[in-house]
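Chain by chain, the residues:
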Amino acid sequence: MALCRGLSLLAIHIALLASLCSAADLFVYFDFEVSYITASPLGVPQQVIAINGKFPGPTINVTTNNNVVVNVRNKLDESLLIHWSGIQQRRSSWQDGLLGTNCPIPPKWNWTYQFQVKDQVGSFFYFPSLHFQRASGGFGGFIINNRAIIPIPFDTPDGDITILIGDWYTRNHTALRKTLDAGKGLGMPDGVLINGKGPYQYNTTLVPDGIDYETIEVHPGKTYRIRVHNVGISTSLNFRIQNHNLLLAETEGSYTVQQNYTSLDIHVGQSYSFLVTMDQNASTDYYIVASARFVNESQWKRVTGVAILHYTNSKGKARGPLPEGPNDEFDKTFSMNQARSIRWNVSASGARPNPQGSFRYGSINVTEVYVLRNKPPEMIDGKRRATLSGISFVNPSTPIRLADWFKVKGAYKLDFPTKPVTGPPRMETSVINGTYRGFMEVILQNNDTKMHAYHMSGYAFFVVGMDYGEWTDNSRGTYNKWDGIARTTTQVYPGAWTAILVSLDNVGIWNLRTENLDSWYLGQETYVRVVNPEATNKTEFPIPDNALFCGALSHLQKPEDISAATAITGDRLKMFFTLLMTMCAMLVCNFSLVDTILLSFRPVFFLSTMLFVPPRNNTHDGVSDPKLLPLDLDVGYYWLISRCANELESDMKQG
């Protein structure tokens, strides 16, 4: 009897260890069916890309350190990758969803992404990264919430609202792609969408009848966290809400020094969180506006998105002219000074309890410097191409990370220049050789005539300086070495430069690109290769079991199979049931232990179900909602354990 009692306790401790070792890093599951639907956001029927039949796609809402599993079924007529913009993919560039790291998901196939949102919080978004598809949709918000034990640097808002803004063409992405392939520019967009809808009819001349517009309902006196993402093609947009202050709180995973703005320029690929208090009278609704910037605004008036902020006690519709944006046609410093005012809140906790400012980037020695200069598109080998430092990037047929893993020679060149090349531009698969644990300074010099925004995967970099003119070594004297904002996408004004610092502590292949979709499509990008010379799974995960193969490795690709993520879940499920059966068998050695153990270890079983068992298909807007998972699993598995023990006890009593 003592032996049985000891074995019972041993089994319980095994189950306890298995349950708690990763209990905080829960798995959350989503299903994405990517397909075409017909929509008329600007009053013209057109083909758009939807996720689960929705345009835009649903918002992914998770918590720091969650393991995110997204099963993507490609119902398009062309290949697909989903990029999780701003998600750092720590130790796993395999999941980044770009051609440098992933082979495309073929039409009619499904593929499962699995990654951890390790040590991140904040506001991000996802989008399809191939074939100019973002111009037709397929995008949605991505929220990473703080863990409960980590305080946020403001009172908990009364609600959370995601707003996706972006310029839009009534031609779909395939037509726009053909225009670029023919060596032509895209011209002025046909409008601006807010959450996939056209403008409210604030002006009967500029806005035709019958346009469906976005309405956001709020309660008077409440404060909302409003997350705004520019998911457009190439147009910077000024965002404002009539008669309401925008208290900036966070951008792309970093809490900011809280400052009020009446409007803020949001460039392509950028994300911001504002705290907005509904403190106005409700005599009418209010305009939400996203208008084009750094263009001839008198000619671009139609490129304006307008939604409605509706108080629950509102007494009438919004009316009158739109709230004015910045009046800075002859003051090119206004927007840049506004950008410089966005600073890091060094005393706030981020994803961890230590203050954001505990990483003192200003005192770290720079180990490598790259000056990346762009220019307007130019002809290379008879094709209109965009360049960085004189090189127009050509995506390899074999992704760079796969080529490294399987030692495929000649897939790319590790020779991207530290300074712009002299002589004629060229088309190459040229990659930056980053030093693991190095500290890189990158100067983004915009010699184009239009605004650009630049993004780097795998990291949050520090924006330490920006100014007009040509960058020189003396420009370092103007750097902010204390509270420059850490983010993933920064603007570079035409005829100006922006300097960033980045700590290369994340092993992998990481994309560095313009977010302007037309210039990106034409080759204005490269990759930064960061390799740990000591190969270890501690700094990079091995190739996923469900990796797709293409290019020189096409012969390794098997017919479509169920994602490896399913197999992983199945193995965990088997492990969990094995532990349960072992416990039940041993518990019969001492029947009096059954009730005590079930009551005492109920939280363990609850956590175990969340860790090991895939969720039932609870849906919210067509997507599994992790907030709906735990309760029914808890009850179900508590019942299962009780039933198991009771049946074994009954069998023993009968003979």
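Preceding block: the structure.
All of the points below concern the structure found in this document. None of the values given here were measured: they were computed from a predicted structure. Numbers given for residues are sequential positions, taken from 1 along each chain in its written order. It should be noted that, the model being predicted, local features are given only for residues of pLDDT at least 70 and side-chain atom pairs only at 80 or more, the latter also being counted only at that level, while totals for whole chains, interfaces and linings use all residues. Only hydrogens and water are removed before side-chain values are computed, so all heavy atoms of the structure are retained for them.

## Let's talk about the environment of alanine 348
For step 1, the next point in the chain: The numbering of helices and of strands both runs from the N terminus, where a helix is a DSSP run of H or I of at least 4 residues and a strand a run of E of at least 2. The topology assignment puts alanine 348 in the loop between α3 (333-340) and β20 (368-374).
For step 2, the next point in the chain: Given a relative accessible area of 6%, alanine 348 falls into the buried group. Each residue's exposure class comes from its accessible area (1.4 Å probe, protein chains only) as a fraction of the maximum for that residue type: buried when under 20%, exposed when over 50%, partly exposed otherwise.

## Section: the layout of surface pockets
Take a probe with the size of a water molecule and roll it over the atoms, and the empty space left behind shows itself.
For step 1, the next point in the chain: The rule is simple: put a 1 Å grid over the protein atoms alone, call a set of points where a 1.4 Å probe fits but cannot get out a cavity, call an open set with protein on both sides within 12 Å along at least five of seven lines a pocket, and count a residue as lining if it has an atom within 4 Å of a point. Grid points are joined across faces, edges and corners, and a volume is the space filled by probe spheres set on the points. Estimated volume of the second largest pocket: approximately 910 Å³.
For step 2, the next point in the chain: Around the second largest pocket, the lining comprises 32 residues; the ones closest to its centre are Ala292, Arg293, Glu297, Ser298 and Pro326.
For step 3, the next point in the chain: Here the nonpolar group is Ala, Val, Leu, Ile, Met, Phe, Trp, Tyr, Cys and Pro; Asp, Glu, Lys and Arg are the charged ones; every other residue, Gly included, is treated as polar. Looking at the lining of the second largest pocket residue by residue, the classes come out as 15 nonpolar, 8 polar and 9 charged.

## Section: the sheet that holds strand β2 (residues 46-51)
For step 1, the next point in the chain: Across the sheet, which stays open at both edges, the 4 strands sit in the order β2-β1-β4-β6 with mixed pairing between neighbours. Since the sheet does not close on itself, it has two edges, and those belong to β2 and β6 (110-116), each with one partner. Between one strand axis and the next, the sheet turns through 20° on average, direction left out of account. Strand pairing follows a simple DSSP-based rule, namely that at least 2 bridges must link the two strands. Helix axes are fitted to C-alpha atoms over the stretch in contact, other axes to C-alpha atoms as well, and angles between N-to-C directions run from 0 to 180 degrees.

## So, unusual backbone geometry
For step 1, the next point in the chain: With an omega of -5°, the peptide bond between phenylalanine 55 and proline 56 qualifies as cis.
For step 2, the next point in the chain: Position of proline 56 among the secondary structure elements: in the loop between β2 and β3 (60-63).
For step 3, the next point in the chain: Positive phi is not limited to glycine here, since glutamine 89 has a value of about 50°.
For step 4, the next point in the chain: Structurally, glutamine 89 is set in the loop between β5 (82-85) and β6.
For step 5, the next point in the chain: On the basis of relative accessible area, glutamine 89 is assigned to the buried category, the value being 1%.
For step 6, the next point in the chain: Phi at asparagine 243 takes a positive value of approximately 65°, unusual for a residue other than glycine.
For step 7, the next point in the chain: One can find asparagine 243 in the loop between β13 (237-241) and β14 (246-251).
For step 8, the next point in the chain: On the basis of relative accessibility, which here comes to 51%, the residue asparagine 243 falls in the exposed class.

## Re the state of the cysteines
For step 1, the next point in the chain: Disulfides are defined in this document as cysteine sulfur pairs within 2.5 Å. One pass over the structure, following the stated rule, counts 1 disulfide.
For step 2, the next point in the chain: Linked covalently through their sulfurs, cysteine 103 and cysteine 550 form a disulfide whose S-S length is 2.1 Å. Negative torsions about the S-S bond denote left-handed disulfides, and the value of about -85° found for cysteine 103 with cysteine 550 makes this one left-handed. Here cysteine 103 is found in the loop between β5 and β6, whereas its partner cysteine 550 is found in the loop between β33 (525-531) and α6 (564-587), with 447 residues between them in sequence. Across the pair, exposure class does not vary: cysteine 103 and cysteine 550 are buried alike.

## Regarding a nonpolar patch on the surface
For step 1, the next point in the chain: To count toward a patch, a residue needs a relative accessible area above 30% and no salt bridge. Like charges then connect within 9 Å, nonpolar side chains (Val, Leu, Ile, Met, Phe, Trp, Tyr) within 5 Å. All accessibility values rest on the Shrake-Rupley procedure with a 1.4 Å probe; residue burial counts only the protein chains present in the view. Whenever a carboxyl oxygen of Asp or Glu lies within 4 Å of a side-chain nitrogen of Lys or Arg, that contact is scored as a salt bridge. On the surface, Trp405, Phe406 and Leu556 cluster together into a nonpolar patch covering about 240 Å² of accessible area.
For step 2, the next point in the chain: Inspection of the secondary structure assignment puts phenylalanine 406 in the loop between α4 (400-405) and β24 (426-428).

## Some points on the packing of aromatic side chains
For step 1, the next point in the chain: Two rings from Phe, Tyr or Trp (for Trp, the six-membered ring) form a pair when their centres are within 6.5 Å of each other. A pair whose planes differ by under 30 degrees is stacked, one over 60 is edge-to-face, and the rest are tilted. Counted according to the given criterion, the structure contains 30 aromatic pairs.
For step 2, the next point in the chain: Taken together, a centroid distance of 5.3 Å and an interplanar angle of 85° make the contact between tryptophan 84 and tyrosine 113 edge-to-face. Placement of the pair is tryptophan 84 in strand β5 and tyrosine 113 in strand β6, with a sequence separation of 29 residues. You'll find tryptophan 84 and tyrosine 113 in the same group, each marked buried.
For step 3, the next point in the chain: An angle of 35° between the planes, with centres 5.8 Å apart, marks the rings of phenylalanine 125 and phenylalanine 127 as tilted.

## Description of the pairing of strand β11 (residues 215-218)
For step 1, the next point in the chain: Of the two faces of β11, the one lined by Ile216 and Val218 is fully buried and the one lined by Thr215 and Glu217 carries no buried residue.
For step 2, the next point in the chain: In this structure, β11 lies alongside strand β19 (residues 304-311), joined through 4 bridges in parallel fashion. Bridge pairing links valine 218 to tyrosine 311 in β19.

## Notes on the side chain of threonine 526
For step 1, the next point in the chain: Looking at the secondary structure, you find threonine 526 in strand β33.
For step 2, the next point in the chain: Threonine 526 gets classed as buried once you look at its relative accessible area, which sits at 0%.
For step 3, the next point in the chain: It only takes one pair of heavy atoms within 4.5 Å for two residues to be counted as in contact. Discounting chain neighbours no more than four positions away, the residues touching threonine 526 are Phe393, Phe416, Ser430, Val431, Ile432, Trp510, Asn511 and Leu512.

## Some details on helix α2 (residues 173-181)
For step 1, the next point in the chain: Turning to α2, its buried residues number three or more, namely His173, Leu176, Arg177, Thr179 and Leu180. Along α2, the residues classed as buried sweep out an arc of 155° about the axis, all on the same side. Exposed side chains of α2 directed beyond 90 degrees from the buried face belong to Lys178 and Asp181.
For step 2, the next point in the chain: Next to the buried residues of α2 lie β1 (27-39), β2, β22 (383-385) and α5 (517-521).
For step 3, the next point in the chain: Immediately beyond the C-terminal end of α2, within one or two residues, lies glycine 183, with a positive phi of roughly 85°. What the arc covers is the set of directions going from the helix axis to the C-beta atoms.

## What to know about the nonpolar core
For step 1, the next point in the chain: Definition of nonpolar core: a set of buried residues of the types Ala, Val, Leu, Ile, Met, Phe, Trp, Tyr and Cys, connected through side-chain atoms within 4.5 Å. Formed by 78 residues in total, the largest nonpolar core has its most connected members in Ile163, Ile226, Phe239, Phe274 and Leu309.
For step 2, the next point in the chain: In terms of residue count, strand β31 (residues 496-503) provides more of this core than any other element does, 6 residues in total.
For step 3, the next point in the chain: Formed by 37 residues, the second largest nonpolar core is a distinct cluster that contains Phe30, Ile60, Tyr126 and Cys550.

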